[in-house]
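# Structural overview
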Amino acid sequence: MRYRQLDKIIELVPGQRIVATRELRSDEDYLRDHFPLFPVMPGVMMLEALYQAAMCLIHVTDDYKHSMLTLDEVRNVKFADFMQPGQVLTVTVEIEKADDQMTKVKAQGARGEVVAVSGRLVIGKKNLGDAGDPQLSANDEIARGVLRQEIAELMVG
């Protein structure tokens, strides 16, 4: 993942919630262009952090049943504060509703006690091999292996 927006997972309760953190570093490439005199994390990157945490929670909850999780819908997103270099975004995602085709979550990212971003996300669940192509099914297995490894790297302790 080119723009990994999580540094570590500090709590993960399958089927319920995840808490992860992301420290904004001053050397991040996009900060050179995103208000050079007042560098802040772009809102879309904060939203991506919420989505990536939701993906981790769903993959672990569903035992990596689906190789592809898509951000199908974003509802009631509010950007309420800036994230500057050196600050830590603590992302909390809770499952509200889930079935075999989608999961709805409530998510927020906070800087200390201040909520910087919040919203509800609808995550679609798919497999490349759903169309019946055996070669794509093999790619699903490869993707699941990569996902397992990436999530394991984020787990603390």
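Here the structure is a predicted model, which means the values were calculated and not measured.

### Here we look at the pattern of salt bridges
Tallied over the entire structure, the rule returns 15 salt bridges. Residue Arg144 is joined to Glu141 by a salt bridge in which the shortest nitrogen-to-oxygen separation is 2.6 Å. Placement of both Arg144 and Glu141 in helix H2 (residues 134-154) is noted, with a separation of three residues, approximately one turn of the helix. Given the relative accessible area of 11%, Arg144 is considered buried.

### Considerations on the nonpolar core
Leu6, Ile9, Ile18, Met41, Leu89, Val91 and Val93 are the most contacted members of the largest nonpolar core, which totals 36 residues. The greatest single-element share of this core, amounting to 12 residues, is contributed by helix H1 (residues 43-61). Residues contacting Val93, with those up to four places away along its chain left out, are Gln16, Arg17, Ile18, Leu50, Ala53, Ala54, Leu57, Val105, Lys106 and Ala107.

### Let's talk about H1
Along its 19 residues, H1 runs 27 Å from first to last C-alpha, staying within 8% of the 27 Å computed at 1.5 Å per residue. Extensive coverage of H1 is indicated by the burial of 14 of its 19 residues. Within two residues after H1, Asp63 carries a phi angle of roughly 50°, on the positive side.

### Notes on the environment of Glu141
The exposed category is assigned to Glu141, whose relative accessible area is 51%. In this structure, the C-alpha to C-alpha distance between Glu141 and Ala131, residues 10 residues apart in sequence, is 15 Å. Polar contacts involving the side chain of Glu141 include one to the side chain of Arg144, which spans 2.6 Å.

### A closer look at the sheet that holds strand S2 (residues 17-23)
Taken in spatial order, the six strands of this open sheet run S1-S2-S4-S5-S6-S3, and their pairing is antiparallel. Edge positions in the sheet fall to strand S1 (8-13) and strand S3 (68-79), since each of these pairs with one other strand and no more. In this sheet, neighbouring strand axes are inclined to one another by 20° on average, regardless of whether the strands run parallel or antiparallel. Along the sheet, H1 contacts S1, S2, S3, strand S4 (88-98), strand S5 (102-111) and strand S6 (114-126); its crossing angle with S4, the most-contacted strand, is approximately 50°.

### A few points about H2
Taking 1.5 Å per residue, 21 residues should reach 30 Å; H2 reaches 31 Å between its end C-alpha atoms and fits that length. All of the buried residues in H2 are Asp140, Arg144, Leu147, Glu150, Ile151 and Leu154. One face of H2 carries all of its buried residues, which in axial projection span an arc of 135°. Within H2, the exposed residues directed more than 90 degrees away from the buried face are Pro134, Gln135, Glu141, Ile142 and Gln149. Where H2 begins, one side-chain oxygen reaches toward the backbone nitrogen of Gln135, 2.8 Å away; that side chain belongs to Asp133.

Rules and cut-offs
- Residues numbered from 1 in each chain as written.
- Predicted model: local features only at pLDDT ≥ 70, side-chain atom pairs only at ≥ 80, totals over all residues.
- Heavy atoms only, no water.
- Salt bridge = Lys/Arg side-chain N within 4 Å of Asp/Glu carboxyl O.
- Helix = DSSP H or I, 4+ residues; strand = E, 2+ residues; numbered from the N terminus.
- Buried < 20%, exposed > 50% of the residue type's maximum accessible area, 1.4 Å probe, protein only.
- Core = buried A, V, L, I, M, F, W, Y, C linked by side-chain atoms within 4.5 Å.
- Contact = heavy atoms within 4.5 Å.
- Expected span 1.5 Å × (residues − 1).
- Polar contact = N/O pair within 3.5 Å; in protein donor to acceptor, adjacent residues only side chain to side chain.
- Pairing = 2+ DSSP bridges.
- Axes fitted to C-alpha atoms, helices over the stretch in contact; angles between N-to-C directions.
- Arc of directions from axis to C-beta.

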